[in-house]
Structures are given as C-alpha cells and as structure tokens.
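Read off the chains here:
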Amino acid sequence: MLDFFAIFSKGGIVLWCFQGAGVAGSFAGPVNALIRSVILQERSGNNSFNHNALTLKYKLDNEFELVFVVGFQKILMLTYVDKFIDDVQLHFRDRYKNELEQKGAIKYLVNDFEFGDEFHMLLREAEESSRVKDPVVMRTFTQSQKSQKTVKSMIEIKGGDKSKEQEKGKKSKNAKKEAEDGAGAAQTTSPPTSKKVVVNGNQDLTNEELIQLKREEMMRKMTKSTKSATTKSPKPQKEQQRKTKVMRVWDNGGTKSNTKELDYSSKLNGSEDSAGLGGEQVEPEMRLESMVGPLPDVDCECSEPEEEEEEEEKVATIEATKAGAKRGGGGGGFGGMFGMLKGLVGSKSLTRDDMEPVLDKMRDHLIAKNVAAEIASQLCDSVAKKLEGRVMGTFTTVASTVKQALQESLVQILQPKRRVDILRDVLEARSQRKPFVITFCGVNGVGKSTNLAKISFWLIENGFSVLIAACDTFRAGAVEQLRTHQRRLNSLHPPEQHGGRPAVQLFEKGYGKDAAGIAMEAIAFARNQGFDVVLVDTAGRMQDNAPLMTALAKLIAVNTPDLVLFVGEALVGNEAVDQLVKFNQALADHSMSDRPRLIDGIVLTKFDTIDDKVGAAISMTYITGQPIVFVGTGQTYNDLRSLNARAVVSALMKA
C-alpha cells in the first residue's frame, strides 16, 4: 500500500529508502517538493503534504537531524501511518544510535544502514493491527432496554400528569393551612408581649416594638417634608431673569482692529509668495521626491536591544525558578538555586512540555499583533516540531531558544521563494516588443486604484510608458478616479519630457461592459502603440460573490497577465486568510487550464495605520506562499515601499 519510505539527513544524504512493488518512477520529485515547500519554508506545523496524487507524511528528528518521509496514494485512507512512522523512527534510532551520534557526513556515506528486515516487520504488524478488529455483534432482545419495559409503563393516560400536579397542589395548600393554624395556636397560648416575630426582615422584635418603630419613621418623614418646604423659598425676580451669554475672548485670537494685518489674500509688493498666488497654486502633494531605481525598504518600529535583553533575562529567571521548584520538590532554597542553574546550562534535550508555556505566550503575542489565530497556532506547532529533541546550548533558556527559532521561521516565511524584480521583467518584455501586464484584484475599499497610481508613478520615474486599463465597470466613479490620477501624473511628467508623448494614458470603455474584453483590447492597443506596461484595474469584490469571482477568473484566464497582484490592507486579521484562500480557490475552480493561474504577489496597503501590528503580512504570505511585492505607507505617490523582512519581524516580536 505504501509507495515509498525514505530516511535522509537534513544535509540531503539518503540513509535508507524503500519503494513499493509495482511503483514506477522515482520518489525524488515528491520529496524535493516537500523539502522546498514545507521544510525550507518553515511550514512543518502539519505533518502531511499533498503532491499531485500522493500524500506524504513526515517526521523530523531534531536530535540526529533526520527526516522520515512516507508516501502513499491520496485516495487511500491509511490510519496506521502516523504510528508506523513513529515506530520506524524509534527502531532506526535505537539500532544506529552510535553511528548517528557522530553526525558526520562522511560517516553517513561510509556506514551501510541495513534496515529492510525490521522495516518489513513493522509494516506487517501495522497493517495487521489495522485489519484485525473484533466484529460488532448485534445485541439480543433481552439485552436491549425495550425488553426491560413493562406493558403498564408504556400505557399513556390522558390527564395523568395534570391529576398528579393537582394532587401535589392540594397537598401543599393543606400543608400551608396546617402550618398557619399551628402558628395561630402558638400565639394564643403564649403572651403577646414576649413573642418575637419576623416582619419585613426585622428580626427579634415584638409587636409593640414594631409599632413604635413605624411611628418614629412616620414622624421622621413628616419633619423632613416641613424642613424642605421651609428651605425652598421663591427666587427673586432678578435671579430668574435669563443671563445673556458673554462671548469668550481667546488668547492670541485677534480682534477686529487687526483683521487687515492678518489678511494675506491681497498681493504683497516684492514678495515671492505674491507671484505664486497670482498663478496656479501647486499643491503640496504634487511636490514629490524622485523614485528612480528600486523602492526603499519599509520602516518599522522595533524595540531597543537593552529592553529586549532585560525582558529575556526576566523570562529566563522566571522559567528557571519554575523549573527548579518542579524538580527540587520540597528541597528548599538550595533545590531552587540548583534548578535555576540546571535550567540555564544546556543539560538535556527539549521536550514539548518544556516549550508549551513559552509557545502559549508566543501564540497569544502573535494573535495580539494581528496574526490570524489559525496561522499563529501553525507557526507555534512548526517551531515545536523544529526544536523537539534538540539539545539546548550552554546558558540558554527555553524562552530565548523558542523566540530565536520563531524569528528565524518568520524571516524565512517573509523572504520570497523566487526573484521579484519588476523593473528587470519590464525591460525583458520591452526587448521582446510586448507590454508587461499587471492585474490588480482584491476586495472592496482596500486601495487598488490608489496603489495602482503609485506604481504608475514609480514606473514613469524609471522611464517606462504606462497604459491604465479601466476594467472596473461596476463601481460608480471608478473611471473618473483613474482619469484624475492620469491628469495628475501627466502634470508631474509633462509630455515634453517623454518626446511629446504622454507618460501615462487611460484606456476606458465606460461602465457596464465586459471587463475581460476591455482588458484584451487594452493589451492589444498597448502592443500596437508601444507601451511598456499595462496596469489592469479590476472591480472590488467580496470573496463570497460567485458571479464576480467567475468574471475575475475569466479575465485572468483569457488575458494571461504576467503578474497577478492581490491588494489587501494591513488592518485585517483572520479575514486575510479567508480572502486569500477563497480568491485562489475561485481562480482555480473557474480556470479552463490544467494548471490554473493563481495569485503571484501581494500589495499590502495602509501599512502606516497599524503601528507595530504587522501580523497581516505573516498571514498573507503564509497562506499563499507568495511574496509581498509592494507596501503602501501613505496617500501620496511617494508612499510606496518594498518589504524588509527582518524589520517586520522585529516589529512583530516587540513586546
């Protein structure tokens, strides 16, 4: 049933492998895909991986730096695989423990790991344990609950419940009457002055005392009413007259006497401002800096090193004292000090129980930083599997080890798996005399059109001509918004600077048209007119809107753009996971090819509004596996950055 089983080191040396009978082809392709997509990308939170028609399950041995991988057909439901791979790991470790402890690449190559007999024995035992099950025996009638019931218990009597309730009510009424009669008889037998009753919560008071108390309360209320009547005297007529509101005079607010001095609307002789005010006024947003070359990295706030060291020391001392208290038991102060030193010095390998408190804190910290809850759990599980069994270094704590491993995982996730250089790609497309097409998609209100204009400005600054395709034929004002951006960009880059040709043009066909057809016409127009880049603006759509998602999949499938960018805002948390998963799923479902075109990159907008809560970047890259190409950090054309993975991780890990 198993297609293959492989044991190899993390350095890439295959120690032992097994291939099932009748399996054609090598298993190198699926294993290499597992290494590239899961192990190197720090996505080992889930121990299963699907590759074409195969399901791969793996287990990491961090003590000896080994990887155990088993592959089988996806349609098979093999329940024994998890236990089987654990048994193989234990037996392989026990048999070759001495050779594995040396951990030398040459030793791995020289040693001959014979493991076939034990592997087949373990496989046979696992298959037999999954097959052998006690057959379910049907119960007899005497063993069922129905046989225990009598005929009388199954007869339903109408009004039976009501009669019982009435009998209960009569009994309770009779009991109350008997209790009242008994209380009255007791009162007649005892003298009235000596009997104490409970009325309205006044305990241990006789009837005479209660009457006296009520009289005092009544007299007190009467005196209060007379006092209030005497104190309330009619206001004089002067006070009753309504006072007029006096206007407040602010400091440095100015008065009517100096209005002429504060009036700057008139032209001043000999001043530079007067000349500027006479013509067209240049908006501050239009005075922009040059953006030639690659984009600068995004700036993130990160904590100072001293604060981080102090925080790590506090966590280390707390964990060491807890470990000493658990291990030392009732040993007193000496046991606690010994436990603290033992916790600091690397004397044992890490276990899941040791890391669980630290991982829980890290998970809560990531969620507080806007990482999706599901992604935070998978990241912590991946770190736990990466560190489980690893021997700690000298004078290192569990918290510092886990934190360092998590930082490395986050940096690895944010770093792109492939080269992302749009300027180089545009130059290559220009050499082939075809436009470089970028399609923007995303939900409503995330800033697709605004960031499209920023990217247009960046491309124009680098000497490329841009054609904007207005394929948002649904939202009112979408075409007018792009036309405004076109006018502003052309005012910043006049046609005289580009050989008498506008640097950016807009291709639009109005509203209510087919977006895929408009994009196709725009690409053909750009090819004929010699434009370098085509930026396709699409309508915002929710991920649950099936008709609009179908239209987006059609636009991408028909026009085959060079780059499909998903525009998402940095404010979202768990919603980022749902958006990206459903966008990719819709593109895959509605595609007409065997290899559907999915999202190639991400544009992260509104990054300037989140301070250090940068978790959306982690969630989006973890779900898609695609890089963040652009980061929007403001409302001007200059506010476009590239992602700095280490700066984002530093901001994410800041307390």
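**Q** Mind showing me how you'd approach the overall build of the protein here?
**A** Of the regular secondary structure elements, the protein holds 24 helices and 15 strands. When each of the 655 residues of the protein is scored for burial, the buried share is 39%. By sequence separation, contacts in the protein at least 24 residues apart represent 73% of the contacts at least 6 residues apart. Accessible area of the protein: about 39,800 Å², with a carbon and sulfur share of 52%.

**Q** Would you mind showing me how to read helix H22 (residues 574-589) here?
**A** For an α-helix, the turn length of 3.6 residues means that residues three or four places apart are oriented alike. With 16 residues, H22 extends 23 Å from end C-alpha to end C-alpha; this agrees with the ideal 22 Å at 1.5 Å per step. Those residues of H22 that fall on the buried side of the exposure criterion are Ala576, Val577, Gln579, Leu580, Phe583, Asn584, Ala586 and Leu587. At its buried positions, H22 is contacted by helix H15 (373-387), strand S8 (436-441), helix H21 (546-559), strand S12 (563-569) and helix H23 (615-624).

**Q** Help me understand the pairing of strand S3 (residues 48-51), please; the structure alone is not making it clear to me.
**A** Where a strand is regular, its side chains alternate between the two sheet faces. With four bridges connecting them, S3 and strand S4 (residues 54-61) associate as antiparallel partners. Paired with Asn50 across the two strands is Thr55, which belongs to S4. Hairpin connection from S3 to S4: two residues lie between these consecutive antiparallel strands, with Asn52 at a positive phi of about 55 degrees.

**Q** Is there a simple way to explain the packing of aromatic side chains in this structure?
**A** Between two aromatic rings, the relevant description is the distance of the centres plus the angle of the planes. Tallied over the entire structure, the rule returns 17 aromatic pairs. Chaining the aromatic ring pairs together yields one cluster made of Phe5, Trp16, Phe18, Phe68, Phe84, Phe92, Tyr96, Phe113, Phe115 and Phe119. The ring centre of Phe531 lies 4.3 Å from the NZ or CZ of Arg501, which sits over that ring.

**Q** Before we go on, may I ask you to explain the sheet that holds strand S14 (residues 628-632) in this structure?
**A** Within a beta sheet, neighbouring strands are joined by backbone hydrogen bonds and run either parallel or antiparallel to one another. Strand order in the open sheet formed by eight strands is S10-S9-S11-S8-S12-S13-S14-S15, with mixed pairing between adjacent strands. Two strands close off the open sheet at either side, each with one partner strand: strand S10 (504-507) and strand S15 (640-641). In this structure, strand S9 (residues 466-470) lies alongside S10, joined through four bridges in parallel fashion. Pairing of Leu467 across the sheet is with Gln505, part of S10. Most of the contacts of helix H17 (residues 422-431) go to S8, to which it runs at about 135 degrees, and overall it touches S8, strand S11 (533-537), S12 and S14. Each of S8, S9, S10, S11, S12, strand S13 (601-605), S14 and S15 is contacted by helix H18 (residues 448-461), which is oriented at about 170 degrees to S11, the strand it contacts most.

**Q** Is there a simple way to explain the sheet that holds S3 in this structure?
**A** In space, the five strands of this open sheet follow the order S2-S1-S5-S4-S3, with antiparallel pairing throughout. The outermost strands of the open sheet, each flanked by one partner alone, are strand S2 (14-19) and S3. When the angles between neighbouring strand axes are averaged without regard to direction, this sheet yields 15 degrees. For strand S1 (residues 2-9) and strand S5 (residues 66-73), the ladder comprises seven bridges, and the chain directions are antiparallel. When the bridges of S5 are listed, Leu2 appears paired with Phe72. Sheet strands touched by helix H1 (residues 28-39): S1, S3, S4 and S5. Its angle to S3, the strand with the most contacts, is close to 125 degrees.

Basis of the calculations
Residues numbered from 1 in each chain as written. Predicted model: local features only at pLDDT ≥ 70, side-chain atom pairs only at ≥ 80, totals over all residues. Heavy atoms only, no water. Helix = DSSP H or I, 4+ residues; strand = E, 2+ residues; numbered from the N terminus. Buried < 20%, exposed > 50% of the residue type's maximum accessible area, 1.4 Å probe, protein only. Contact = heavy atoms within 4.5 Å. Areas by Shrake-Rupley, 256 points an atom, 1.4 Å probe, with all protein chains shown as cover. Expected span 1.5 Å × (residues − 1). Pairing = 2+ DSSP bridges. Phe/Tyr/Trp six-rings, centres within 6.5 Å; stacked < 30°, edge-to-face > 60°. Lys NZ or Arg CZ within 6 Å of the ring centre and 35° of its normal. Axes fitted to C-alpha atoms, helices over the stretch in contact; angles between N-to-C directions.

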